[in-house]
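# Architecture and fold: a report
Spelled out from the first residue to the last, the chains are:
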Amino acid sequence: MLYDFLNKLLFVNDKVADQEACDIEHSIGLETVHKIERLHLLLKKYFLKNEEDILSLKNYLEEWNK
């Protein structure tokens, strides 16, 4: 779930998302993992319903890298 959150929602590349998901799993508690999972599901269900929504999010996040 953490990998999907990083890779599919935050658009972190595969290799980095895999490593960081492992790192995160070992440093946060179960309650936090569950809350991230619920946030992930909420975003997918209500805010990221189609490819256009996902592309808009990706573009928004990329603006912060400039």
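In this text the structure is predicted, and so the values were computed from the model without any measurement. (Residues numbered from 1 in each chain as written. Predicted model: local features only at pLDDT ≥ 70, side-chain atom pairs only at ≥ 80, totals over all residues. Heavy atoms only, no water.)

Once that is clear, we can look at the overall build of the chain. Helix and strand counts for the chain come out as four helices and zero strands. In terms of its C-alpha atoms, the chain occupies a principal-axis envelope of roughly 35 × 25 × 15 Å. Burial analysis of the chain (66 residues in total) assigns 18% to the buried set. Within the chain, contacts between residues at least 6 apart in sequence are counted, and of these 50% link residues at least 24 apart. Accessible area for the chain stands at about 5400 Å²; split by element, carbon and sulfur atoms hold 55% of it. Here the chain contributes 9 positive and 13 negative side-chain charges, whose respective centroids are spaced 5 Å apart. (Helix = DSSP H or I, 4+ residues; strand = E, 2+ residues; numbered from the N terminus. Buried < 20%, exposed > 50% of the residue type's maximum accessible area, 1.4 Å probe, protein only. Contact = heavy atoms within 4.5 Å. Areas by Shrake-Rupley, 256 points an atom, 1.4 Å probe, with all protein chains shown as cover. Lys, Arg positive; Asp, Glu negative; His and termini not counted. Charge placed at Lys NZ, Arg CZ, Asp CG, Glu CD.)

For the structure shown, the criterion picks out two salt bridges. Ionic pairing is found between Lys8 and Asp4, a salt bridge with its closest N-O pair at 3.8 Å. Here Lys8 and its partner Asp4 are both found in helix α1 (residues 2-9), four residues apart, which amounts to about one turn of the helix. When its relative accessible area of 47% is taken as the criterion, Lys8 is described as partly exposed. When the shortest N-O distance is used, the salt bridge between Glu31 and Lys35 registers 3.1 Å. Taken together, the residues span about one helical turn, with Glu31 and Lys35 both in helix α3 (residues 30-47) at a distance of four residues. (Salt bridge = Lys/Arg side-chain N within 4 Å of Asp/Glu carboxyl O.)

Below, the discussion takes up the packing of aromatic side chains. A complete count under the given rule lists one aromatic pair for this structure. For the ring pair Tyr60 and Trp64, a centre distance of 6.3 Å and an interplane angle of 70 degrees mean the geometry is edge-to-face. Residue classification places Trp64 among the exposed positions, given a relative accessible area of 64%. (Phe/Tyr/Trp six-rings, centres within 6.5 Å; stacked < 30°, edge-to-face > 60°.)

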